[in-house]
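In case you want the letters, here they are:
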Amino acid sequence: MKKHLMKLLLCAALFSCEERFNPILERLEEENYIINGYINQSLTDPYIVTIQQTKSGGVPTPIFGALVEVVDEDGNREQFFEQDIGTYVSKMDIVKGRPGTSYYLEVKMNNGDMFRSKSDRMPELKVENNMTWRQERITYTSDLGTDVTVPHIVVDLQANNQGTEESYNIWWVLEETFQFNEVDFPDPFGSVPPPCYITQTYGSGAINLFTNTGFTGSTYNVRDIFVRELDESFLAKHIFSTYQHSVSNDYYEYLKSLEALVENSGGLFDTPPGKAVGNFEPIEGTDIAPLGFFSAVLTDTTRIAVYPSEISFKIPNLCEFIAGKPPTEYDSQCRNCEVIPRSTKVQPKFWTSL
């Protein structure tokens, strides 16, 4: 997987019926608006649009007070409401995501600048995914020049297009969710501290794309889509999730351009050589097109769980209770797992389904 990728700057945009993902935005030196949003086939979770503004290469700031409307191919309109500063969501009372339907977005800023996206059509073909996992010892060279062999869990993905001859484009977003247990200090009541559940985006923002253009066959195999060193996160159930987005040709090309920018950027704060051209056009107040893309995507989720009882390697436990060891000598996350980024003591709703 690629390292040193640019950080995801856009606030979380819900790209599946259950989960959240942050689309990648390039860091730019000039001042401009950044508009990103989507509509999918969900009938329960709102569609989200985020609006930001870059200022002289600094971190983008959210824009409040914008008028945001989604329009379908039949002319039906629905206004988004501002849930948080710069984040606008739809109630889905009028315009709903339907496969095979085209949509565009209109945005009017509070200073009068107005923008409209080109229509984006939601694909109809759903490609079926299946994941399998295996254990593997991987050898790498340490900073000291010594070869070190470390146990890993490796996940492979198989995408089945069911023999269709239709063209399609896939964008896979990867996440992992695991349970983390604090150290269980003895107490008179025998109580056990409740665990934390940690969900993390896998791959440091890498963009995983596939198009069947020029590809023959009904099954596309993606080996090593997850390669995860065995650590204490496998002491309990560990879930790998793949969020598949079937996307239009235009959005696929936009993602490809983002991928090229990410691959050519040296680090988090490096300015990439160029910018990705989105699908927004200026309508009123300015001649400068904003950055970003409004897309219509068909989403699907595939998950696989790895249980500790299935792993033959010894799993390290940094939070194991050791008699006589002072509490202050345990790592901070062993004493309070909520210090781990993206942790919560609320169990994910999909946790018990695997």
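Predicted, not measured: the structure shown is a model, and the values here were computed from it. (Residues numbered from 1 in each chain as written. Predicted model: local features only at pLDDT ≥ 70, side-chain atom pairs only at ≥ 80, totals over all residues. Heavy atoms only, no water.)

Novice: What exactly am I supposed to notice about the overall build of the protein chain here?
Specialist: Broken down by element type, the protein chain carries two helices and 23 strands. For the protein chain, the residues scored as buried account for 51% of the 354 residues in total. Of the contacts formed within the protein chain by residues at least 6 apart in sequence, a portion of 71% connects residues at least 24 apart. (Helix = DSSP H or I, 4+ residues; strand = E, 2+ residues; numbered from the N terminus. Buried < 20%, exposed > 50% of the residue type's maximum accessible area, 1.4 Å probe, protein only. Contact = heavy atoms within 4.5 Å.)

Novice: Got a minute to help me understand the packing of aromatic side chains in this structure?
Specialist: The description of an aromatic ring pair uses the distance of the two centres, along with the angle that the planes make with each other. Under the counting rule described, the total for this entry stands at 17 aromatic pairs. Both rings, one in Phe210 and one in Tyr220, keep their centres 3.8 Å apart while their planes meet at 20 degrees; by these two values the pair is stacked. On the criterion of sequence distance, the pair formed by Phe210 in strand β17 (residues 208-211) and Tyr220 in strand β18 (residues 219-229) is long-range, its members being ten residues apart. What makes Tyr220 partly exposed here is its relative accessible area of 25%. Aromatic pair Phe226 and Phe240: ring centres 4.8 Å apart, planes at 55 degrees, arrangement tilted. With a gap of 14 residues between them, Phe226 in strand β18 and Phe240 in strand β19 (residues 238-247) connect regions that are remote in the sequence. One exposure class covers both Phe226 and Phe240, and it is buried. Grouping aromatic residues by their ring pairs yields a cluster made of Tyr168, Trp172, Phe210, Phe215 and Tyr220. Here the guanidinium or amino end of Arg303 rests over the ring plane of Phe350, the centre of that ring lying 3.7 Å away. One residue, Lys325, lies across the ring of Tyr330, its end atom 4.3 Å from the ring centre. (Phe/Tyr/Trp six-rings, centres within 6.5 Å; stacked < 30°, edge-to-face > 60°. Lys NZ or Arg CZ within 6 Å of the ring centre and 35° of its normal.)

Novice: How should I be thinking about the state of the cysteines in this particular structure?
Specialist: Overall, the coordinates contain two disulfides when judged by the stated rule. Sequence-ordered numbering of the bonded cysteines in the protein chain gives a disulfide pattern of 1-4, 2-3. (Disulfide = S-S within 2.5 Å.)

Novice: I would appreciate a short explanation of the sheet that holds strand β14 (residues 147-160) in the present structure.
Specialist: Adjacent strands of a sheet form backbone hydrogen bonds with each other and so pair up, either parallel or antiparallel. With respect to topology, three strands assemble into an open sheet ordered β13-β14-β18, the strand pairing being antiparallel. The outermost strands of the open sheet, each flanked by one partner alone, are β13 (128-141) and β18. Sheet twist, expressed as the mean angle between neighbouring strand axes with direction ignored, is 25 degrees. Bridge analysis of β13 against β14 gives 14 bridges, and the strand direction is antiparallel. Along β14, the bridge assignment pairs Gln135 with Ile153. (Pairing = 2+ DSSP bridges. Axes fitted to C-alpha atoms, helices over the stretch in contact; angles between N-to-C directions.)

Novice: Explain the nonpolar core here, please?
Specialist: Soluble globular proteins: nonpolar side chains tend toward being buried together. Counting residues in hydrophobic clusters, the biggest one holds 27 residues, and the most contacted among them are Ile35, Val49, Ile51, Val68, Leu105 and Met109. Among the elements that line this core, the one with the most residues is strand β3 (residues 32-39), at four residues. With residues up to four places along the chain from it excluded, the contact list for Val49 reads Ile35, Asn36, Gly37, Val68, Phe80, Gly86, Thr87, Tyr88, Leu105 and Phe294. Counting 24 residues, the second largest nonpolar core, distinct from the first, contains Trp172, Phe226, Phe234 and Ile311. (Core = buried A, V, L, I, M, F, W, Y, C linked by side-chain atoms within 4.5 Å.)

Novice: Got a minute to help me understand the pairing of strand β6 (residues 67-72) in this structure?
Specialist: Looking down a regular strand, the side chains alternate between one sheet face and the other. Most of β6 sits out of view: five of its six residues are buried. Here β6 runs beside strand β10 (residues 102-108); their pairing, made up of six bridges, is antiparallel. Considered in β10, the bridge of Leu67 is made with Lys108. Sheet topology places β6 next to strand β7 (residues 77-79); three bridges connect them, and they run antiparallel. Counted as the bridge partner of Glu69 is Gln79 from β7. What sits between the antiparallel neighbours β6 and β7 is a turn of four residues, in which Gly75 has the positive phi angle 90 degrees.

Novice: Would you mind going over the confidence of the model for the protein chain with me for this structure?
Specialist: For any part of a model where pLDDT is low, the fine detail of the predicted coordinates should not be relied upon. For the protein chain, per-residue confidence averages 87 on the pLDDT scale, and 87% of positions sit at 70 or higher. Low pLDDT, under 50, characterises residues 1-27; the stretch is placed with 113 contacts to residues that sit more than four places away or in other chains. (pLDDT = per-residue confidence, 0-100.)

Novice: Would you explain the pattern of salt bridges in this entry?
Specialist: As a working rule, side chains carrying opposite charge can pair if their charged atoms are close by. With the rule as written, the count across this model stands at 14 salt bridges. In this structure, Arg228 and Asp231 form a salt bridge, with 2.8 Å as the shortest nitrogen-oxygen distance. One salt bridge in this structure joins Glu259 and Lys256, with 3.4 Å as the shortest N-O distance. With a gap of three residues between them, Glu259 and Lys256 both fall in helix α1 (residues 249-264), about one helical turn apart. A relative accessible area of 14% means that Glu259 is categorised as buried. Each of Arg134, Glu136, Asp156, Arg223 and Asp224 takes part in salt bridges that share partners, so that together they form one network. (Salt bridge = Lys/Arg side-chain N within 4 Å of Asp/Glu carboxyl O.)

Novice: Just checking my understanding: could you explain the environment of Ser241 for this structure?
Specialist: Mapped onto the elements of the fold, Ser241 is located in strand β19. The contacts of Ser241, once residues within four sequence positions are left out, are Val173, Leu174, Glu175, Phe226, Thr302 and Arg303. One polar contact links Ser241 to Arg303, side chain to side chain, over a distance of 2.9 Å. (Polar contact = N/O pair within 3.5 Å; in protein donor to acceptor, adjacent residues only side chain to side chain.)

Novice: Looking at this structure, how should I read the pairing of β19?
Specialist: A large share of β19 lies buried, amounting to ten of its ten residues. The alternating pattern of β19 places His238, Phe240, Thr242, Gln244 and Ser246 on one face and Ile239, Ser241, Tyr243, His245 and Val247 on the opposite face, and all of these are buried. Strand direction decides the pairing type here: strand β15 (residues 169-180) and β19, joined by ten bridges, are antiparallel. Looking at β19, one finds that Ile170 is bridged to Ser246. By the bridge criterion, nine bridges tie β19 to strand β22 (residues 298-306) in an arrangement that is antiparallel. Counted as the bridge partner of Ile239 is Ala305 from β22.

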